[in-house]
Amino acid sequence: MSDGNFNRALLPSTPYRSGVRMGQQQTKTKAVCVLRQALEQAQPPLTEEQKEAIARYFESEL
């Protein structure tokens, strides 16, 4: 007779968690890409090094 515990190996795998993580990573990547595009359009006087530093800082804060 079962006591409510069961072998999880018998259950079908659920890719929910890995799908959520993948979606979060894609969202972060898209956000950094959009920031770089916005910097190109809105802040032309900035040097490439400054833009890259801003993008790296933004990505690390996500």
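Residues numbered from 1 in each chain as written. Predicted model: local features only at pLDDT ≥ 70, side-chain atom pairs only at ≥ 80, totals over all residues. Heavy atoms only, no water.

**Some points on the overall build of the protein**
Within the protein, the secondary structure is distributed over two helices and zero strands. With 62 residues in all, the protein has 8% of them scored as buried. Summed over all atoms, the accessible surface of the protein reaches about 5700 Å², with 56% contributed by carbon and sulfur. (Helix = DSSP H or I, 4+ residues; strand = E, 2+ residues; numbered from the N terminus. Buried < 20%, exposed > 50% of the residue type's maximum accessible area, 1.4 Å probe, protein only. Areas by Shrake-Rupley, 256 points an atom, 1.4 Å probe, with all protein chains shown as cover.)

**A look at the pattern of salt bridges**
One pass over the structure, following the stated rule, counts three salt bridges. Across the pair Arg36 and Glu52 runs a salt bridge, and its minimum N-O distance is 2.9 Å. On the criterion of sequence distance, the pair formed by Arg36 in helix α1 (residues 16–42) and Glu52 in helix α2 (residues 48–61) is long-range, its members being 16 residues apart. Judged by relative accessible area, Arg36 falls into the partly exposed class, the value being 34%. With relative accessibility at 31%, the residue Glu52 sits in the partly exposed group. Between Glu48 and Lys51 there is a salt bridge whose closest N-O contact spans 4.0 Å. Of this pair, Glu48 and Lys51 are both found in helix α2, three residues apart, which corresponds to roughly one turn of the helix. For Lys51, a relative accessible area of 7% corresponds to the buried category. (Salt bridge = Lys/Arg side-chain N within 4 Å of Asp/Glu carboxyl O.)

**A look at the packing of α1 against α2**
If you want to describe how two helices pack, look at the angle between their axes and the distance between the axes. Here α1 crosses α2 at 150°, and the two axes come no closer than 10 Å. The angle between the axes of α1 and α2 places the two elements in the roughly antiparallel class. For the pair α1 and α2, the sense of crossing is right-handed. Listed contacts from α2 to Ala31, Val32, Leu35, Arg36, Leu39 and Glu40 of α1 are Glu48, Lys51, Glu52, Ile54, Ala55, Phe58 and Glu59. Each residue belonging to the contact of α1 with α2 can be placed in one class, and the counts come to seven nonpolar, no polar and six charged. (Axes fitted to C-alpha atoms, helices over the stretch in contact; angles between N-to-C directions. Parallel < 35°, antiparallel > 145°, perpendicular 65-115°, else oblique. Left-handed = near helix turned anticlockwise from the far one by under 90°. Contact = heavy atoms within 4.5 Å. Nonpolar A, V, L, I, M, F, W, Y, C, P; charged D, E, K, R; others polar.)

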